[in-house]
Amino acid sequence: MGFTTVRNIVKEVCEAIWKNLAPIVMPQPSEERWKEIAKDFQTYWHFPNCLGALDGKHVNIICPINAGSTYYNYKKDHSIVLLALVDAQYKFVMIDVGAYGRNSDGGVYENSVMGKMFERNQLNVPQNTPIYQNSEPMPYTIVADAAFPLKTYLLKPYSKAKLVNNDSNKVFNYRLSRARRTVENAFGILRARFRIFQGPMQVQPDMADIIVQAACALHNYLRTEKSQEIEENYLNSNESQSSQDGLANIEIVGRNYRQDAIAVREKFKEYFVSPEGQVPWQMDMIRQGRID
């Protein structure tokens, strides 16, 4: 078949997958669904009031036609950005696809539909809830890495400068990193399952958007169907992110934060080092230098 025919078939199939499957396997969460996600993060990752782990990846593509520097990212590749919120079982809760590769990740989040809806409290997020008995109510939060802005509902690690001789900050970073591992694993599984992510996509940006959306919907479907051999192979491997040509990390951008966001992070930190919130192995982990 000719190139145009194949392109149209792929486009039509991917659009159909996204249109028909995504509402089933990736619906906008209800308040009850958020509470289920938070319960799983508490059970599996020992992180209370967590709505998901957030990260973004550059999906590398060939140089688009007449695009100039629009898709040219800081790693000197051309890309679109996949922004994803992932639950405790490596499934995509929400995704945003198609931002220009030249944008920083924090900027991608703040300009995304997802980011704007969280900021405006339009996503059925539950009311503040105590994280242990008789404690003050705390907000439900997202966990993310240093590329994202710190907010009352979005927690990021302490900078390296604030880790020197500060075990409490190191414990917080360890506990956050442990919960955030779910989104890194989800991206790794996505790449392992769909070989199109193992190198730059040989398509234009609009087509790449559609392919990425369809792949994420199929990923959730296969997780639901418990077809997990690929996931287990990836999770048991030692493959590093730096070897992944199709998906690349996003850029870290420094910024200032509101005092209420700083206060929320401090309260979570205090919980993680308290008798109610600590886990037995956390001090061993930070002493081994397992902290970002």
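Provided above is the structure to which this section pertains.
Throughout what follows, the structure given in this document is the object of discussion. Remember, predicted model here, so these are calculated numbers, not experimental data.

## Observations concerning a nonpolar patch on the surface
- Together, M1, V6, I9, V10 and V13 line one region of the surface with nonpolar side chains, adding up to about 450 Å² of accessible area.
- One can find V13 in helix α1 (residues 3-25).

## Describing the packing of aromatic side chains
- This model, assessed by the stated rule, comprises eleven aromatic pairs.
- A ring pair is formed by Y271 and F272, whose centres lie 5.6 Å apart and whose planes are at 55°; its orientation type is tilted.
- Linked through ring pairs, F47, Y132, Y158, F172, F268, Y271 and F272 together constitute an aromatic cluster.
- Over the face of the ring belonging to Y158 we find R265, whose NZ or CZ atom lies 4.0 Å from the ring centre.

## Examining helix α8 (residues 259-272)
- Here α8 is 14 residues long and its end C-alpha atoms lie 20 Å apart, about the 20 Å a rise of 1.5 Å per residue gives.
- Within α8, the full set of buried residues consists of A261, V264, R265, F268, K269, Y271 and F272. Down the axis of α8, the buried side of the element spans an arc of 160°, and every buried residue falls inside it.
- As for α8, its buried residues are in contact with α2 (31-45), β5 (137-138), β6 (141-143), β7 (154-155), α5 (167-193) and α9 (282-287).

## Quick look at the packing of α2 against α5
- Direction vectors running N to C along α2 and α5 enclose 115°, while the axes themselves pass 10 Å from each other. The orientation of α2 relative to α5 falls into the category roughly perpendicular. Where α2 crosses over α5, the handedness of that crossing is right-handed. Taken together, the residues of α5 that come into contact with α2 (itself represented by F41, Y44 and W45) are R178, A179, R181 and T182.
- In the contact of α2 with α5, the residues fall into four nonpolar, one polar and two charged.

## Some points on the pairing of strand β2 (residues 78-86)
- Of all the nine residues making up β2, nine are buried; the element is thus mostly covered by neighbouring parts of the structure.
- Alignment of strand β1 (residues 50-61) against β2, held across nine bridges, turns out to be antiparallel. Bridge pairing in β2 places H58 opposite V81.

Thresholds, definitions, all that
- Residues numbered from 1 in each chain as written.
- Predicted model: local features only at pLDDT ≥ 70, side-chain atom pairs only at ≥ 80, totals over all residues.
- Heavy atoms only, no water.
- Patch = residues over 30% accessible without salt bridge, like charges linked within 9 Å, V, L, I, M, F, W, Y side chains within 5 Å.
- Areas by Shrake-Rupley, 256 points an atom, 1.4 Å probe, with all protein chains shown as cover.
- Salt bridge = Lys/Arg side-chain N within 4 Å of Asp/Glu carboxyl O.
- Helix = DSSP H or I, 4+ residues; strand = E, 2+ residues; numbered from the N terminus.
- Phe/Tyr/Trp six-rings, centres within 6.5 Å; stacked < 30°, edge-to-face > 60°.
- Lys NZ or Arg CZ within 6 Å of the ring centre and 35° of its normal.
- Expected span 1.5 Å × (residues − 1).
- Buried < 20%, exposed > 50% of the residue type's maximum accessible area, 1.4 Å probe, protein only.
- Arc of directions from axis to C-beta.
- Contact = heavy atoms within 4.5 Å.
- Axes fitted to C-alpha atoms, helices over the stretch in contact; angles between N-to-C directions.
- Parallel < 35°, antiparallel > 145°, perpendicular 65-115°, else oblique.
- Left-handed = near helix turned anticlockwise from the far one by under 90°.
- Nonpolar A, V, L, I, M, F, W, Y, C, P; charged D, E, K, R; others polar.
- Pairing = 2+ DSSP bridges.

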